[in-house]
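# A closer look at the structure
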Amino acid sequence: MSLVRRAVGALIHRAYGAIRRAGAITPAAPAGYRFGRIGDGVSIAFPPGAIFGERYIEIGDHTLIGERVSLSCGMGPGLDLGPDSILRIGGGCSIGRGSHVVAHQSIDVGDDVFTGPYVYITDQNHVYDDPDVPIGRQWPRNSPVSIGSGSWIGAGAIILPGTRLGRQCVVAGGAVVRGEFPDHSVVAGVPAKLVRGYTSELGWHAPGALLAHRARPGGWTEQASAG
Ligand SMILES: CC(C)(COP(=O)(O)OP(=O)(O)OC[C@H]1O[C@@H](n2cnc3c(N)ncnc32)[C@H](O)[C@@H]1OP(=O)(O)O)[C@@H](O)C(=O)NCCC(=O)NCCS
């Protein structure tokens, strides 16, 4: 019995491995999806999440998208959303398994952006302006999102509408991010706040350190060595 079970288990896993390899979405095997652009070397792992509005999606070369990642444009499949792309993911990115990138107006992910698993990125909020109409039935509001090249987004982070992250930013695991952050920001928490920045003067530093450094006569080095 255990021999049979082992054989069946091995067979199932071997077959599932083959299914996953065959089911990956690539430029050579787009699995019926018609992306606005799917670059050379792109692979969307099997099983994918919800993928629709793909003609408004552009994915740059050599980007890897994990399994069960949802990529969507618009409220549902088959809508005419105009002539332009809506969701652009650059080249060399890695989008962690189970993540969702849900676009309605404009989401730009730069090059070489890496995300952990289960990240949620959206450019749309429901609104609750009318206190009597069910919130889900009120017309939602969009605000474009951009994530700078070279950034890294930790597991489970949520990137809300209107977020603009500069280049080489770090988003901590579990952060809920909204607002604008310059290049080389490390943001963490709910709501996410700047916890580290970078300047050539100080390297990586806690917020406030730069102001303190500039305010002190003699600057940081003199203060530190005097202390
Ligand atoms: C953001 C992160 C990279 C920071 O690491 P670090 O550079 O070593 O920085 P520190 O641990 O010194 O943290 C800097 C500050 O942010 C805070 N912080 C770090 N991670 C945080 C988090 N997830 N939530 C809230 N605050 C956080 C720290 O408490 C610290 O605050 P302080 O300045 O008041 O002391 C790391 O904490 C993190 O969240 N990594 C995500 C890991 C992950 O998701 N991996 C998935 C695989 S891709």
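Right, let's walk through the structure included here. Every chain begins its residue count from 1, and numbering advances along the sequence as written. The predicted origin of the model limits local features to residues at a pLDDT of at least 70 and limits the giving and counting of side-chain atom pairs to 80 or more, whereas totals for whole chains, interfaces and linings rest on all residues.

## Looking at the overall build of the protein chain
In terms of regular secondary structure, the protein chain is built from three helices and 24 strands. Computed over the C-alpha atoms, the radius of gyration of the protein chain is 22 Å, more than 25% above the 17 Å expected from 2.2 N^0.38 for a compact globule of 227 residues. Note that contacts rest on C-beta atoms placed from the backbone: two residues are in contact if these are within 7 Å. Residue pairs in contact within the protein chain that sit at least 24 positions apart in sequence constitute 28% of those at least 6 positions apart. The helix and strand labels rest on DSSP assignments: H or I over at least four residues marks a helix, E over at least two residues marks a strand, and numbering proceeds from the N terminus. The globule rule is 2.2 Å times the number of residues to the power 0.38, and the radius of gyration it is compared with is taken over C-alpha atoms.

## Details of the site of the ligand
Looking at the ligand, there are 13 residues lining it, with G116, G154, A155, A172 and A188 nearest. At the level of elements, β22 (186-188) and β23 (193-199) are the ones that each hand at least two residues to the shell around the ligand. Of the residues contributing to the shell around the ligand, the split by class is seven nonpolar, five polar and one charged. Here, nearness means that the C-beta atom of a residue, built from backbone geometry, sits within 6 Å of the molecule or strand in question. The residue classification treats Ala, Val, Leu, Ile, Met, Phe, Trp, Tyr, Cys and Pro as nonpolar and Asp, Glu, Lys and Arg as charged. All others, Gly included, are polar.

## Concerning the sheet that holds strand β6 (residues 70-73)
Taken together, the six strands give an open sheet; going across it, the order is β3-β6-β9-β12-β17-β20, and neighbouring strands pair in parallel fashion. Every other strand in the sheet has two partners, leaving β3 (51-52) and β20 (176-177) as the edge strands with one partner each. Paired strands, as defined in this entry, are two strands with at least two bridges between them according to DSSP.

## Some details on the sheet that holds strand β21 (residues 180-181)
Sheet architecture is open: seven strands sit in the order β1-β4-β7-β10-β15-β18-β21, paired in parallel fashion. Each end of this open sheet is capped by a strand with a single partner; those strands are β1 (37-38) and β21. With two bridges joining them, strand β18 (residues 164-165) and β21 adopt parallel strand pairing. Of the residues in β21, the one forming a bridge with L165 is F181.

## What to know about helix α1 (residues 2-23)
Helix length check: α1, at 22 residues, gives a terminal C-alpha distance of 31 Å against a target of 32 Å (1.5 Å per residue), a fit within 8%. When you tally the buried positions in α1, you get zero out of 22 residues, a small fraction of the element. To estimate the expected span of a helix, subtract one from its residue number and multiply by 1.5 Å. To assign burial, the other C-beta atoms lying within 10 Å of each residue's own C-beta are counted, with C-beta atoms placed from the backbone; 20 or more indicates buried, 12 or fewer indicates exposed, and intermediate counts indicate partly exposed.

## Quick look at the nonpolar core
Soluble, globular proteins show a tendency: their nonpolar side chains are buried together. Put simply, a nonpolar core is buried Ala, Val, Leu, Ile, Met, Phe, Trp, Tyr and Cys residues tied into one set by C-beta atoms within 7 Å. Within the largest apolar cluster, 41 residues are counted, with the highest numbers of intra-cluster contacts made by L87, A157, V171, V177 and V187. Secondary structure elements with two or more residues in this core: β4 (57-59), β6, β7 (87-89), β9 (100-103), β10 (107-109), β15 (145-147), β17 (158-159) and β22. For L87, the residues in contact, after removing those within four places along its chain, are Y56, I57, L71, C73, V101, A103 and I107.

## Comments concerning the environment of V195
Position of V195 relative to the elements: it lies in strand β23. For the pair V195 and G208, spaced 13 residues apart in sequence, the C-alpha to C-alpha distance is 9.7 Å. When sequence neighbours within four positions are dropped, the list of residues in contact with V195 reads V186, V187 and A188.

## Quick notes on the pairing of β23
Pairing between β22 and β23: three bridges, direction antiparallel. The residue bridging A188 from the neighbouring strand is K193, located in β23. As consecutive antiparallel partners, β22 and β23 are separated by four residues, and within that stretch G189 has a phi angle of approximately 95°, a positive value. As paired elements, β23 and strand β24 (residues 203-205) share three bridges and run antiparallel to each other. Counted as the bridge partner of T199 is G203 from β24. Hairpin connection of β23 to β24: three residues between the antiparallel strands.

## Regarding the pairing of β9
Judged by which residues are buried, β9 turns out to be one-sided: V101 and A103 face inward and are buried, whereas H100 and V102, on the alternate face, are not. Two elements, β6 and β9, share four bridges in a ladder whose sense is parallel. Across the sheet, the residue bridging to S70 is H100, located in β9. In this structure, β9 lies alongside strand β12 (residues 120-122), joined through three bridges in parallel fashion. Across the sheet, H100 pairs through a bridge with Y120, a residue of β12.

## Topic: unusual backbone geometry
Each neighbour pair has its own omega, and for F46 with P47 the value is 0°, a cis peptide bond. Locating P47 in the fold gives a position in the loop between β2 (43-44) and β3. The linkage connecting V190 with the following residue, P191, adopts the cis geometry, with an omega of -10°. Along the chain, the position of P191 falls in the loop between β22 and β23.

## A few points about the environment of I89
One can find I89 in strand β7. I89 sits in the buried class, given 24 other C-beta atoms within 10 Å. Once the C-alpha coordinates of I89 and I65 are considered, the two residues, 24 residues apart in sequence, prove to be 10 Å apart. Contact partners of I89, with chain neighbours within four places excluded, come to I59, G60, T63 and V109.

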